[in-house]
Amino acid sequence: MPNKHQGSCLCGSVKYELSGDFQSFFLCHCSRCQKDTGSAHAANLFAKASILTWLKGEAEVTTYQHQNSLHTKSFCQKCGSTLPTATKTDNSIIVPAGSLDSPVPISPTAKIFVSSCANWTKNLDNVPNYEELPEQT
Ligand SMILES: [Zn+2]
Ligand SMILES: [Zn+2]
């Protein structure tokens, strides 16, 4: 029996299940992923020979294919959350780690495109940490 992983978007319109295993988990710092996520990097798991099933809301899912590149992004039309994409090239499924509701089963394999790292990510170890939203003082 293959392992099953479940995920959903923020608004809950879309739910999916992936049947299979993740071979790699990349934190991509390229400029496209910065635009795409609005953050420092994408966090994508890759599953070969796996089956992606939309349990709910498939009609809400749009896939954007960036011109002249392999960069694709699937997202919920209602809330904009990133969702899995089935690649046309090699039959693998790309799953954004944050979209999973079941535990992420592997640790990141590597950071990639670090030459494009946003300059504000350089000294994050020195930034104060709060368990939750800090009190306004
Ligand atoms: Zn949504
Ligand atoms: Zn990238």
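This write-up is about the structure you can find in this document. For clarity, every value in this text was computed on a predicted model and none was experimentally measured. (Residues numbered from 1 in each chain as written. Chains lettered and ligands numbered in written order. Predicted model: local features only at pLDDT ≥ 70, side-chain atom pairs only at ≥ 80, totals over all residues. Heavy atoms only, no water.)

**Quick word on the overall build of the protein chain**
No. 1: Along the backbone of the protein chain there are one helix and eleven strands.
No. 2: Put simply, the protein chain runs from its N terminus to its C terminus through helices and strands in the order β-β-β-α-β-β-β-β-β-β-β-β.
No. 3: In the protein chain, which comprises 137 residues, the proportion classed as buried is 36%.
No. 4: If you take every contact in the protein chain between residues at least 6 apart in sequence, the share linking residues at least 24 apart comes to 59%.
No. 5: In the form shown here, the protein chain has an accessible surface area of approximately 9100 Å², with 51% of it arising from carbon and sulfur atoms. (Helix = DSSP H or I, 4+ residues; strand = E, 2+ residues; numbered from the N terminus. Buried < 20%, exposed > 50% of the residue type's maximum accessible area, 1.4 Å probe, protein only. Contact = heavy atoms within 4.5 Å. Areas by Shrake-Rupley, 256 points an atom, 1.4 Å probe, with all protein chains shown as cover.)

**Thoughts on the coordination of the zinc ion (ligand 2)**
No. 1: At the metal site, the zinc ion (ligand 2) is ligated by Cys28 (SG), Cys30 (SG) and Cys33 (SG), and these contacts range over 2.1 to 2.3 Å.
No. 2: Spacing between the donor residues of the zinc ion (ligand 2) along the chain follows C-x1-C-x2-C.
No. 3: Of the residues examined, cysteine 33 reaches a relative accessible area of 6% and is grouped as buried. (Donors = N, O, S within 2.8 Å, 3.2 Å for Na, K, Ca; no water.)

**Some thoughts on the coordination of the zinc ion (ligand 1)**
No. 1: Within the protein, Cys9 (SG), Cys11 (SG), Cys76 (SG) and Cys79 (SG) serve as the donor atoms for the zinc ion (ligand 1), at 2.3 to 2.4 Å.
No. 2: Here the zinc ion (ligand 1) is ringed by four donor atoms whose angles at the metal span 105 to 112 degrees, and the overall shape comes out tetrahedral.
No. 3: When the donor residues of the zinc ion (ligand 1) are listed from N- to C-terminus, their spacing reads C-x1-C-x64-C-x2-C. Taken together, the residues cysteine 11 in the loop between β1 (4–8) and β2 (15–19) and cysteine 79 in the loop between β7 (72–76) and β8 (82–83) connect sequence positions 68 residues apart. (Tetrahedral: all angles 85-135°; square planar, octahedral: opposite > 155°, others 65-115°.)

**Quick look at the environment of isoleucine 93**
No. 1: Relative to the assigned elements, isoleucine 93 resides in strand β10 (residues 92–96).
No. 2: In this view, isoleucine 93 contacts Leu18, Leu45, Phe46, Ala47, Ser50, Leu52, Pro84, Thr85 and Ala86; residues no more than four positions away in its chain are not counted.

**Observations concerning the environment of valine 95**
No. 1: Within the element layout of this structure, valine 95 appears in strand β10.
No. 2: For valine 95 and alanine 110, which are 15 residues apart along the polypeptide, the C-alpha to C-alpha distance reads 16 Å.

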